[in-house]
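Structural overview
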Amino acid sequence: MSTSRITLAKGLNAGLRAAMEQDDKVMLMGEDVGRLGGVFRITDGLQKDFGERRVLDSPLAESGIVGTAVGLAMRGYRPVIEIQFDGFVYPAYDQIVTQVAKMSYRSQGKVPLPLVIRIPFGGGIGAVEHHSESPEAQFAHTPGLKVVACSNPVDGYWMIQQAIASDDPVIFLEPKRQYHADKADLDTSVAPPPLFTSQVVRRGDDVTLLAYGPMVRTCLAAAEAAVSEGRSVEVIDLRTLSPLDMGPVLASVRRTGRAVVAHEAHRNLGMGSELSARITEECFYSLQAPVLRVGGFDTPYPAARNEHHFLPDLDRVLDAVDRSFAF
Amino acid sequence: MKLDDLLSMWRIRALEEKIRDLRLEGPIVGSVHLANGQESVAVGACSQLRPQDALYATYRGHGWAVARGVPPREIFAELMGRVTGVNGGRGGSAHFSAPQHGFHGENSIVGAGAPIAVGAALAGKYDGSRRAAMTVFGDGAINQGAVAEAMNFAAALGLGVVFVCENNRYSELTPIDDMVAEPDLSRRASALGIPAVRIDGNDLAQVRTATRLAVEAAAAGRGPSFIEAHTQRIVGHYIGDSEQYRPAGELERDLVVEPIARLTRELLADGVPTESVERCERRAREEMETAAAAALRDPLADPATAKEHLYA
Ligand SMILES: Cc1ncc(C[n+]2csc(CCOP(=O)(O)OP(=O)(O)O)c2C)c(N)n1
Ligand SMILES: [Mg+2]
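For clarity, every value in this text was computed on a predicted model and none was experimentally measured.

**Quick notes on the overall build of chain A**
- A tally of regular secondary structure across chain A gives twelve helices and 14 strands.
- Whereas a compact globule of 327 residues would reach a radius of gyration of roughly 20 Å, chain A reaches 19 Å, a difference of no more than 12%.
- Counting across all 327 residues of chain A, residues that qualify as buried make up 61%.
- Taking contacts inside chain A between residues at least 6 apart in sequence as the whole, the part at least 24 apart equals 82%.
- Here chain A displays about 12400 Å² of accessible surface, and carbon together with sulfur accounts for 52% of that area.
- Of the side chains in chain A, 33 bear a positive and 40 a negative charge, and the two mean positions are spaced by 3 Å.

**Side note on the coordination of the magnesium ion (ligand 2)**
Residue and element names in this part refer to chain B.
- Listed as protein donors to the magnesium ion (ligand 2) are Asp139 (OD), Asn168 (OD1) and Tyr170 (O); their distances from the metal cover 2.0 to 2.2 Å.
- Sequence spacing of the donor residues for the magnesium ion (ligand 2), all on one chain, is D-x28-N-x1-Y. Highlighted residues: Asp139 in the loop between β2 (133-138) and α6 (145-157) and Tyr170 in strand β4 (residues 170-171), separated in sequence by 31 residues. Comparing Asp139 with Tyr170, the two get one shared label, buried.

**Brief notes about the packing of helix α3 (residues 62-74) of chain A against helix α5 (residues 113-126) of chain B**
- Between α3(A) and α5(B), whose axes approach to 6 Å, the crossing angle comes to 50°. Regarding the angle of α3(A) to α5(B), the classification is oblique. Considering how the two elements wind past one another, α3(A) and α5(B) form a crossing that is right-handed. Along its contact with α3(A), which presents A:Ser63, A:Gly64, A:Gly67, A:Thr68, A:Val70, A:Gly71, A:Leu72 and A:Met74, the element α5(B) presents B:Pro115, B:Ile116, B:Val118, B:Gly119, B:Ala120, B:Leu122 and B:Ala123.
- For the contact of α3(A) with α5(B), the per-class residue count stands at nine nonpolar, six polar and no charged.

**Examining the sheet that holds strand β13 (residues 259-266) of chain A**
All names here are of chain A.
- Within the open sheet, the five strands sit side by side as β9-β11-β10-β13-β14. Their pairing is mixed. In the strand order of this sheet, the two ends are held by β9 (199-202) and β14 (292-296), each with one partner. Neighbour-to-neighbour, the strand axes of this sheet turn through a mean angle of 25°, independent of strand direction.
- Where helix α10 (residues 271-283) meets the sheet, its contacts fall on β10 (207-211), β13 and β14, and the angle it forms with β13 comes to roughly 155°.

**Remarks on the packing of helix α4 (residues 72-79) of chain B against helix α11 (residues 274-297) of chain B**
Residue and element names in this part refer to chain B.
- One can describe the packing of α4 onto α11 by two numbers: an axis separation of 8 Å at closest approach and a directional angle of 45°. Put simply, α4 runs oblique to α11. Considering only the axes of α4 and α11, their crossing is right-handed. Touching Pro72, Arg73, Phe76 and Ala77 of α4 are Met288, Ala291, Ala292, Ala294 and Ala295, all from α11.
- Of the residues assigned to the contact of α4 with α11, the class counts are eight nonpolar, no polar and one charged.

**A closer look at the site of ligand 1**
Residues and elements named next belong to chain B.
- Taken together, 15 residues lie near ligand 1, and Tyr59, Arg60, Ser108, Gly140 and Tyr170 sit nearest.
- Here a nitrogen atom of ligand 1 sits 3.2 Å away from a polar atom, N or O, in the main chain of Val110.
- Contact distances for ligand 1 include 3.1 Å between a nitrogen atom and a side-chain N or O atom of Glu172.
- Of the residues that constitute the shell around ligand 1, the class distribution is five nonpolar, seven polar and three charged.

**A closer look at the sheet that holds strand β6 (residues 196-200) of chain B**
Residues and elements named next belong to chain B.
- Reading across from one edge, β1-β2-β3-β7-β6 is the order of the five strands in this open sheet, with parallel pairing throughout. Looking at strand neighbours, the two that pair on one side only are β1 (54-56) and β6, the edges of this open sheet. When strand polarity is set aside, the average angle formed by the axes of neighbouring strands in this sheet is 20°.
- Packed on one face of the sheet, α5 meets β1, β2 and β3 (161-167) and runs near 170° to β2.

**Some remarks on the pairing of strand β2 (residues 26-30) of chain A**
Residues and elements named next belong to chain A.
- Judged by how many residues are buried, β2 sits mostly within the fold: five of five residues are covered.
- Side-chain alternation along β2 places Val26, Leu28 and Gly30 on one buried face and Met27 and Met29 on a second face that is also buried.
- Where β2 lies against strand β4 (residues 78-82), five bridges are found, and the strand directions are parallel. Its bridge partner being in β4, Met29 is matched across the sheet by Ile81.
- Direction of pairing for β2 relative to strand β3 (residues 55-57): parallel, over a ladder of three bridges. Residue Gly30 lies in a different strand from β3, and its bridge partner there is Asp57.

Analysis parameters
Residues numbered from 1 in each chain as written. Chains lettered and ligands numbered in written order. Predicted model: local features only at pLDDT ≥ 70, side-chain atom pairs only at ≥ 80, totals over all residues. Heavy atoms only, no water. Helix = DSSP H or I, 4+ residues; strand = E, 2+ residues; numbered from the N terminus. Rg over C-alpha atoms; globule rule 2.2 N^0.38 Å. Buried < 20%, exposed > 50% of the residue type's maximum accessible area, 1.4 Å probe, protein only. Contact = heavy atoms within 4.5 Å. Areas by Shrake-Rupley, 256 points an atom, 1.4 Å probe, with all protein chains shown as cover. Lys, Arg positive; Asp, Glu negative; His and termini not counted. Charge placed at Lys NZ, Arg CZ, Asp CG, Glu CD. Donors = N, O, S within 2.8 Å, 3.2 Å for Na, K, Ca; no water. Axes fitted to C-alpha atoms, helices over the stretch in contact; angles between N-to-C directions. Parallel < 35°, antiparallel > 145°, perpendicular 65-115°, else oblique. Left-handed = near helix turned anticlockwise from the far one by under 90°. Nonpolar A, V, L, I, M, F, W, Y, C, P; charged D, E, K, R; others polar. Pairing = 2+ DSSP bridges. Near = heavy atom within 4 Å. Polar contact = N/O pair within 3.5 Å; in protein donor to acceptor, adjacent residues only side chain to side chain.

Have a look at this one:
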């Protein structure tokens, strides 16, 4: 039996389990990840099956958690740590940027850091401040880190295993509002694409929608809705934010001549800004319209009552598609 | 034995002084922090580490590297940006590492090495090796959150971390006493349940005893220890520091108690011939001259390699 119907939470959980079964150097660490199984239950049952050593409840201290993971990785382990919510990564930001990202480089490759930092990210769950943020650009901006975002249960299952197998430090972003949302069929006999690749998830000819994490679902719905307006929309799930996999993006935009990037993160200096720049540099003469960006507002993330105003939705994506055709 | 100690300390002093010369003459570029006056802490503590133990130092770490056995020639080359540097010139004065010598790196983020040492000790527990991890930091670093996080982490999990706080009374130009209400820094550790001692860091015997007990505790699985070693730097915080913050007479007093002057007096009082004592300094200086000259002849690192090793 290789096929099952799973949620993203289940996919990640099964992926972590598979990685731990394959390599006994893989261990999990974080706040409440052990006995509780994590606040989102992503590590549910793993401590019971793998023991307290391999699924370690840590003190409440993010800088300490990441620093400890660095030391473990330097001594031959493959730690996978959970940052409970996106906004809690900031106390660990120092370790991530000043230590994790630099270790291989400054040691001339003598000290690789196979370390995965899992971060549930994005909004839409009615949480309090600092529980709904999208900090990906801050890490993608940092040389020495790799940054990926999964968008669906099947990718969750494979990408977490691939990230753990990578010898580089990986910031692994999980769209928290999708954890328990949709189910998908996982067929473990079908080999996954390589980790640091983008994938076309819907074919189209008129405009290219670029998204990752929680916005992939929104963009797929927008593409479906656009059909009734006679528009054929291609959707690319970027999956990797650092390095960017520009091949599929440029090939698509050269065909469609139009591109819209969508993310929950603030628009200013978000991933959309970099994608826009690169598309413009690489295929200027194919463009029928400027690359447009749909993003969260350039304000702090709002309180729960107002988050639906902040989060880009179907209408905002379709509006950008319309604007693209207006050029 | 005591003469060997003197030679070990002179090696560090001579290395640091040669580094200062090279910095002022030009081959070494940029910010450099020396540890003159603090040699006994590095020599004493490293004498108790086993090859398999991991040391995490700071930007004031050249002497710790020497005490750990990193070849001076490779340190000079590193600081001069040569291909033959321990890290091919990538790490520079404040960020080089040589894991093959148990020297897991300096760090120019004050306090950042402490949680990393915790991870190394956790690995030592997991793989059954009980390899200890020593992290050394200054008095100023005691006020960093990461150090507090690391100490509690190690205490709660019973990890073999040796926390060495080199209390040289200053963080940069600011006296530690102005920045804490409780001058006994070791109480930070005891408050977290870590056995802690305060010692005269200029006394090699005290440094040795404290670190021996700490490494033994780590190796026996008895958890972390904390050592506050009182010391003094007899040079500026960095090369070029005008040191106007020092009260009158302080440096003169420090020059009397600093470990090389102290051990020299002891040896002479013990009846060791002046000639033997002086030979330590001469030999150390010759070694460093030779090492520096060799490093100076090595080619500079090629900027064309700048993008290499960003990823594994
Ligand atoms: C996070 C961080 N903050 C500030 C600095 C600037 N800085 C470098 S050394 C230093 C003083 C540290 O004093 P102490 O811990 O006593 O060590 P010492 O220099 O005396 O060896 C400061 C503030 C830094 N390098 N890192
Ligand atoms: Mg100090």
